[in-house]
Amino acid sequence: MQIPVNLLLNIFAANNYKMKSIKFEIVGLVILLMMVITLSNCKKDNVTTNPSAKLNFSADTVTFDTVFTTVGSSTQWLMVYNKNNQKINISSISLAKGASSYFRLNINGASSRSLNNVTIEANDSMFIFVEVTVNPTLATTPFIITDSILFVTNGNKQYVELVAFGQNAHFIYAAPGSIFDSAVPCSTEWKNDKPYVIYGYLPVICNLTIDSGCRIYFHANSGIVVFSGATLTVNGALGHEVTFQGDRLELDYAQVPGQWDEILFSNLDPHTLTLPNKPGSKSNVINYAIIKNGSIGIEADTVYTSTDITLTINNTIIENMSTAGIVGKGTNILGYNDVFANCANECGAFTLGGGYSFRQCTFANYWGYGVSQRTAPALLLNNYYRTPDSVYHIRPLDSAYFGNCIVYGNIADEVGLDFHTNAYSYYFDHDLLNSSLTYSGTNSNALILKQDPLFVNNTNLINNYKLNSGSPAIGTGASYILTRGTIISSDITGATPLNNPPDLGAYKH
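A brief structural summary. All of these numbers come straight from a predicted model, not from anything done at the bench.

The rules behind the values
The residue count restarts for each chain, going from 1 along the sequence in the order it is written. Given that this is a predicted model, residues contribute local features only at a pLDDT of at least 70 and side-chain atom pairs are listed and counted only at 80 or more, while totals for whole chains, interfaces and linings are drawn from all residues. The side-chain figures draw on all heavy atoms in the structure; neither hydrogens nor water molecules are used. Criterion for a disulfide: a pair of cysteine sulfur atoms within 2.5 Å. In this description a helix means any DSSP run of H or I spanning at least four residues, a strand means any run of E spanning at least two, and both kinds are numbered starting from the N terminus. Three exposure classes are used, based on accessible area relative to the maximum for each residue type with a 1.4 Å probe and protein chains only: buried under 20%, partly exposed in between, and exposed over 50%. The pairing criterion for strands is at least two bridges between them, as found by DSSP.

1. Section: the state of the cysteines
Inference 1: All told, the structure shown has 1 disulfide when counted by the stated rule.
Inference 2: Across the disulfide from Cys186 sits Cys206; the S-S distance is 2.3 Å. Residues Cys186 and Cys206 are joined by a disulfide whose S-S torsion is about 105 degrees; by sign, that bridge is right-handed. Separated by 20 residues along the polypeptide, Cys186 in the loop between strand S12 (170-173) and strand S13 (188-190) and Cys206 in the loop between strand S15 (201-204) and strand S16 (207-210) bring together distant segments of the chain.
Inference 3: By relative accessible area, which is 48% here, Cys186 ends up partly exposed.

Structure representation (structure tokens):
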């Protein structure tokens, strides 16, 4: 059927009219949308003067952990939010105490105690960074420093509190150059009145005694070196341990390793810095200490003799070290009721021969920092060193005794025996070892192998190496080990009496 031409023309005209109408409607919508966006942007570009428009903050108080006097703090930050749909102008940002404040501000990149006419875009924010330096006082205990940041906006006053805990300290600067520039005078005794903060390596060339409860803080790359002929005595007590740690006191640094270097017992003569023909530092004693968050807790590098004890270390915790816990190099170390834990390499490395005796000690390595898996064992024994031209130099390991101890961790074998020739003697006596090695009756007695000691919590942040119920280390020690040398009558926490038979490790269940 044919459609008349006139009808087709009428249909086309009608559709053409509709298409034009639709186009006009679309154009109208676009124009309306652009007007809304323009008006909205104009509104956002305006600065609100409404008194109800206020600021919001990421915190109502900025708090600093203990800050040593004269030493600047770490930097804390505060976020300031404008949650309004228009710009807001802050008439002034200032410290309430003005020029007398201990605090400092950095606002929009400008260091100042105050700044005027600061604008924040609509629904935007800004940072304010805060630091504090505390002036010395006569106080020996921590004291509180306060101030506040005052924001004035559209006639409104808003405050964010600032709180810091200050602490006076003995500051010791071990400057490079002659070691006598900063050496500890002979027969020095450090009292438990204020903390000691050490910058650089502090040389001990005579005798240093540290009283119970003293707190020793090391700046980065700092430590203590005890030279030949000198002696360090750490007289900690239960509940009043002597602490050695880094000087970053913020909570975020509480368990971070590598913040300082080490405590070194040296064989060097302090006057000539050469090796004398005699034993190095000897008769050192560390009792009830906590040594943490450094590179090496203790390194003893002195000449071994069977009669000269380089170090006696008891009731002490060394943990969270970025290299090793306790290192002996051809020396003589005795210890009991000690915990050596969580190090990037060995918790105990006794190398280049020597003589060592440890009773009721816990070597526990669950290192969890960094990206690489630890490969070094928790405990290493060695009797040689090798020069670059592959020449072996033997240093006999006269004795290495471990009684009622635990050596455990999170790799397959936590005992490393690295000997060249047969110039060595070691004995594991009633120990729990995470070890796949084969031990004979000449070097072992009553061992528990490859059984989890069931520590209460072995994570890096907690480091609790007490024994849970059901631990194979409970009641499997030998009582005669407690009287081998100095009598052991309590565990590291002072708990008495010890079980009979005793538990293994530093903690009584």
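2. Quick word on the sheet that holds strand S40 (residues 448-449)
Inference 1: Spatial strand order, S12-S14-S17-S20-S23-S26-S28-S30-S35-S38-S40: 11 strands in an open sheet with parallel pairing. For this open sheet the edge positions go to S12 and S40, each flanked by a neighbour on one side alone.
Inference 2: Across 4 bridges, the pairing between strand S17 (residues 215-218) and strand S20 (residues 242-246) is parallel. Looking across to S20, one finds that Arg215 is bridged to Thr243.

3. Digging into the sheet that holds strand S6 (residues 103-107)
Pairing between sheet strands relies on hydrogen bonds along the backbone, with the strands arranged either parallel or antiparallel.
Inference 1: Spatially, S2-S4-S9-S6-S7 is the arrangement adopted by the 5 strands of the open sheet, whose pairing is antiparallel. The strands lining the two open edges of the sheet, one partner per strand, are strand S2 (56-57) and strand S7 (110-112).
Inference 2: Pairing of S6 with strand S9 (residues 124-132), which is carried by 5 bridges, proceeds in the antiparallel orientation. Looking at the pairing, Ile107 lines up with Ile128 of S9.

4. Focus: the pairing of S6
Inference 1: Burial of S6 is one-sided: the residues Phe103, Leu105 and Ile107 facing one way are buried, the residues Arg104 and Asn106 facing the other way are not.
Inference 2: The sheet contact formed by S6 and S7 spans 3 bridges and is antiparallel. Its bridge partner being in S7, Asn106 is matched across the sheet by Ser111.
Inference 3: Counted between consecutive antiparallel strands, the loop separating S6 from S7 contains 2 residues, among which Asn108 sits at a positive phi close to 55 degrees.

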